[in-house]
Amino acid sequence: MQIESHPSTQAKQSGWQRYQPYLTIASAVLAIILALFSFGFGRSINWLALNLTPIVGVSSFLLFVMLIPGWAAIRWLSPAQLLSRSERWALSWCVGIALPPISLNLFALVGLAINRWVIFGYALIGLLAAIWPAPRSTWTMRLNQLKTIRISGHGWLLLSIALVSLLQRMLAVRNLSVAQWNDAYHHTLITQLFLNNGGIFETWQPYAALNTFSYHYGFHANSAFLAWWSQLAATTSVLYTGQLHGVATTIMAYMLGRRLSGRPSVGMIAFALTSFYNLMPAFYVNWSRFTQLTGQIILVGLVVVWFMALEYPRFSWKLLGLATILTTGLLLTHYLVTLFAVVMVAMLILALLALRPTFEQLKQLSLRASVITIASALIAAPWLYTIIQSKLTAIARNYVTGYSSGYAATVATLDQIVPTYIKAPIMLLAVIGIWLAFAQRAWRMLLLVVWSLGIEILAVPYVFNLPISGIISGFAVSIMLYIPIIPLAAYPLGLLLDRFSSNWYLKGVAVVGLYGLIVWSTPWQTAIVNEQNRLLTSADEQAMAWIRTTTEPDARFLINGLSSYGDALIIADDGGMWIPFLTGRQTTIPPLTYGSEKSSDPKLDRDVYMLYDALRSTALESAEGIALLQKNQVDYIYTGPHMGQNAQNTQLNIQALRYRPEQFPIVYERDGVVIFAVKAQQ
């Protein structure tokens, strides 16, 4: 598992070592074959054949729109030899994901629209920047340099793990037409509105009566870029972008473990554990919490690059520029993960000051941090102004003043981490890793412990009398603790592997262990999608087709909902949520973002809440219920197969409606979907 070394430092190779790269390539191919057989070789080939076009689209997007532009930015904005090729490859995922939201921000600033040809141009610029000769070089020299590039055995292992992980995640969503759970809906709307408007928009029409857009949009920018590039539908693009970013988070485990430990083996083991053993981040697919996932990818890259920029012996504009890209990208991608970054960078600066407590060190750290922060704020200034003018500012103020203390009390608690978020063996290994880091005074690895504690504190600030309880939930913290904990768990295993690095038997055991993980993980990874979180079923999709062809264009549907966010918002709870997007008709529950966006109707939030609050105590078939429906201009009542899977008192009781066909005739009933028409009261 040795990384590539520079030619000038390579020792003379033995016969065995000469064939090691070929053996590693064969090993990588074997890993992919094992994954295919673990899923079912025939089913795998059939899936590949049926989905060849989107697979080619996603693969080419990954290479030309994510990795190559990311690699190019790193090439021009980092000093030579500071990063190995494997580290550049890993960081390319992060930088490539941070660039699309910045691009959308800049295009909106100059008033230009984005389309497919712009994305092709973006990819071409990235390719040219990746191969363009450096200053004081020529094309001949550059081409000769490119010809000498070889992928090391370590690099092939990285690629094989990444490919197997991507294969597992794509197979996991093979039966889904849209992403899971409630968040998927507004993620899809935002992506589609980007496509409709050529970038950042204001009005949510025709899908919702919202007239501002202040939601963090890094994930959606990437999803729109994929849709433009590959001509995928917004629904499919959201689904596949989420899975691509799921793979990227596992690669960030490699980056973090390797950089902080200084050992490629630690990074590789962290990569494998995150990809094939721990439940997180693979389980994110069931919540569609893709925005946080995207933020976590950029967070790791941000911390790594800030670390390099602050530690570099000289003031480097290149590194500061790279750190600015990642900081700006995170600001646009996820507001709460940006708070995690503030805590982690602050602790990093304090650690560097503690190691060298001099005025010169304080001056250098302050100068570099200020340059990155100010530059990022200037680039993101138009968007930051949008946020200040939005409802988000008032919402944050409510938390600080304690107005939302009821909701804060329900979310500002720490969840049990083991075994749901971190598996018990990983936690045990992490404890051993902490002990070894203390024993070896590996302060960089110990930063992972400090960061974990700092992030946990954000979930329970009331313990320290900080007036921000509820802004960050314990759940949001728990589902991301795999980021610092898994590299700690990989540390003792990496030390063991390096201790016996000359022992080929141990290396063979490690490779066999990797194969075992792949074979063991493929069945459960590809079956990780939880049907309980599937709001839009095939029965709902058939009903949508009927609604499109049968109902009036201005029809309005009452759909199932449940109370959420401390009973502050009503959110949809079955496939009826997708009616506006898939049919063009309207429903009684807007997308979840109605809680943070302004509406053309200033009473929208209150009206939605009052309707469903009344439905808790009012029977639909009663005179009061009929009057309530007519007051809210309801033409149809929609209930999907998902109804009843959550025991919430806001769900519609439709059984009594069957006994009132004169008032509520059933106009559609199939496979668990029931649609009632609402007759005008005489």
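Starting from 1, residues in each chain are numbered consecutively following that chain's sequence as written. Thresholds applied to this predicted model are a pLDDT of at least 70 for local features of residues and 80 or more for the giving and counting of side-chain atom pairs; totals over whole chains, interfaces and linings are not thresholded and use all residues. No hydrogens and no water enter the side-chain calculation; it runs on all heavy atoms of the structure.

In this section: helix α4 (residues 52-76). Helix and strand definitions here come from DSSP, where helices need a minimum of 4 consecutive H or I residues and strands a minimum of 2 consecutive E residues; each element is numbered from the N-terminal end. The length a helix should cover is 1.5 Å for every residue beyond the first. Here α4 is 25 residues long and its end C-alpha atoms lie 35 Å apart, about the 36 Å a rise of 1.5 Å per residue gives. The seven residues ending at a residue and the seven starting there each receive a fitted axis; the angle between those axes is the bend at that residue. A maximum bend of about 30° is found in α4 at Leu67, where proline Pro69 lies one to four positions downstream.

A few words on the sheet that holds strand β5 (residues 636-639). The strand order β4-β1-β5-β7-β6 describes an open sheet built from five strands, whose pairing is mixed. Strand pairing shows two members of the sheet lacking a second neighbour, β4 (586-587) and β6 (666-670), which therefore form its edges. Strands qualify as paired when DSSP identifies two bridges or more between them. Pairing of β6 with strand β7 (residues 673-677), which is carried by four bridges, proceeds in the antiparallel orientation. In the strand pairing of β7, Ile666 is matched with Phe676. Contacts were defined at the residue level, with two residues in contact if any of their heavy atoms lie within 4.5 Å. An axis is simply a line fitted to the C-alpha atoms; with a helix, the fit covers only the stretch in contact. Between two such axes, the angle follows the N-to-C directions and lies from 0 to 180 degrees. Each of β1 (556-558), β5, β6 and β7 touches helix α25 (residues 538-550); the most contacted strand, β6, lies at about 150° to it.

What follows covers the packing of aromatic side chains. A pair of Phe, Tyr and Trp rings is counted when the ring centres sit within 6.5 Å of each other, with Trp represented by its six-membered ring. The angle between the planes then sorts it: under 30 degrees is stacked, over 60 is edge-to-face, the rest tilted. For the coordinates displayed, the defined rule picks out 32 aromatic pairs. With centroids separated by 4.9 Å and ring planes inclined at 75°, the aromatic side chains of Phe120 and Trp229 adopt a geometry described as edge-to-face. Of this pair, Phe120 sits in helix α6 (residues 116-131) while Trp229 sits in helix α10 (residues 218-230); the two residues are 109 residues apart in sequence, bridging distant segments of the chain. The residue whose ring lies beneath Lys423 is Tyr277, and the NZ or CZ to ring-centre distance is 4.7 Å. Over the aromatic face of Phe500 sits the side chain of Arg499, whose NZ or CZ is 5.2 Å from the ring centroid. Any Lys NZ or Arg CZ found within 6 Å of a ring centre and within 35 degrees of that ring's normal is scored as a charge over the ring.

Along the chain, Asp183 falls in helix α9 (residues 183-197). Each residue is placed in one exposure class: buried if its accessible area under a 1.4 Å probe, protein chains only, is under 20% of its type's maximum, exposed if it is over 50%, and partly exposed if it falls in between. Two residue types count as positive, namely Lys and Arg, and two as negative, namely Asp and Glu; His and chain ends fall outside the count. Salt-bridge detection follows one rule: a side-chain nitrogen of Lys or Arg within 4 Å of a carboxyl oxygen of Asp or Glu. Buried within the structure, Asp183 lacks any salt-bridge partner; Arg289 is the closest side chain of opposite charge, at an N-O distance of 5.0 Å. Apart from the residues within four sequence positions on either side, Asp183 is in contact with Trp287, Ser288, Arg289 and Leu592.

Time to look at the packing of helix α12 (residues 264-276) against helix α24 (residues 504-525). Orientation of α12 relative to α24, taken along the N-to-C sense of each, is 25°, at an axis distance of 9 Å. Classified by the angle their axes make, α12 and α24 are roughly parallel. Contact residues: α12 offers Ala272, Ser275 and Phe276, while α24 offers Leu514, Leu517, Ile518, Trp520, Ser521, Trp524 and Gln525. Residue polarity follows a fixed list, in which Ala, Val, Leu, Ile, Met, Phe, Trp, Tyr, Cys and Pro are nonpolar, Asp, Glu, Lys and Arg are charged, and the others, Gly among them, are polar. Of the residues in the contact of α12 with α24, the class split is seven nonpolar, three polar and no charged. Angle categories: roughly parallel below 35 degrees, roughly antiparallel above 145, roughly perpendicular from 65 to 115, and oblique for all the rest.

Let us now look at empty space enclosed by the protein. For cavity detection a 1 Å grid was placed over the protein atoms alone, and a set of points counts as a cavity when a 1.4 Å probe fits there but cannot get out; an open set counts as a pocket when protein lies on both sides within 12 Å along at least five of seven lines, with lining residues being those that have an atom within 4 Å of a point. Grid points are joined across faces, edges and corners, and a volume is the space filled by probe spheres set on the points. Counted under the stated rule, the structure contains three cavities of 30 Å³ or more. Its boundaries defined by the atoms lining it, the largest cavity holds a volume of some 50 Å³. Residue lining of the largest cavity: Arg169, Gly242, Gln243, Gly246, Pro281, Ala282, Tyr284, Val285, Phe290 and Leu293, and that is the complete set. Every element with two or more residues in the lining of the largest cavity is listed here: α11 (234-261) and α13 (290-311). No other element matches the three residues that α11 contributes to the lining of the largest cavity. Each pocket or cavity is described by its volume, and for the second largest cavity that value is around 40 Å³. Lining the second largest cavity, in full, are Asn182, Tyr185, Ile570, Ile571, Ala572, Met577, Ile589, Pro590, Pro591, Leu592 and Tyr594. In terms of residue count, strand β3 (residues 569-572) provides more of the lining of the second largest cavity than any other element does, three residues in total.

Within the secondary structure, Trp204 is located in the loop between α9 and α10. Classification of Trp204 as buried rests on a relative accessible area of 0%. Between the C-alpha atom of Trp204 and that of Phe307, which follows or precedes it by 103 residues, the distance is 40 Å.

Below, the discussion takes up the pattern of salt bridges. Per the stated rule, a full pass over the model turns up 10 salt bridges. Measuring nitrogen to oxygen at the nearest pair gives 3.2 Å for the salt bridge that ties Arg259 to Glu87. Placement of the pair is Arg259 in helix α11 and Glu87 in helix α5 (residues 85-110), with a sequence separation of 172 residues. Overall, the relative accessible area of 6% leaves Glu87 in the buried class. Residues Arg616 and Asp613 are paired through a salt bridge, measuring 3.5 Å at the closest nitrogen-oxygen approach. Arg616 sits in the partly exposed class, given a relative accessible area of 26%. Each member of the salt-bridge network shares a partner with another, and the members are Glu87, Arg258 and Arg259.

Let us now look at the packing of helix α16 (residues 359-379) against helix α17 (residues 381-388). Axis separation between α16 and α17 bottoms out at 4 Å; the angle between their running directions is 70°. With respect to each other, α16 and α17 are oriented roughly perpendicular. The segment α16 lies against α17, with Ala377, Leu378 and Ile379 engaging Ala381, Pro382 and Leu384.

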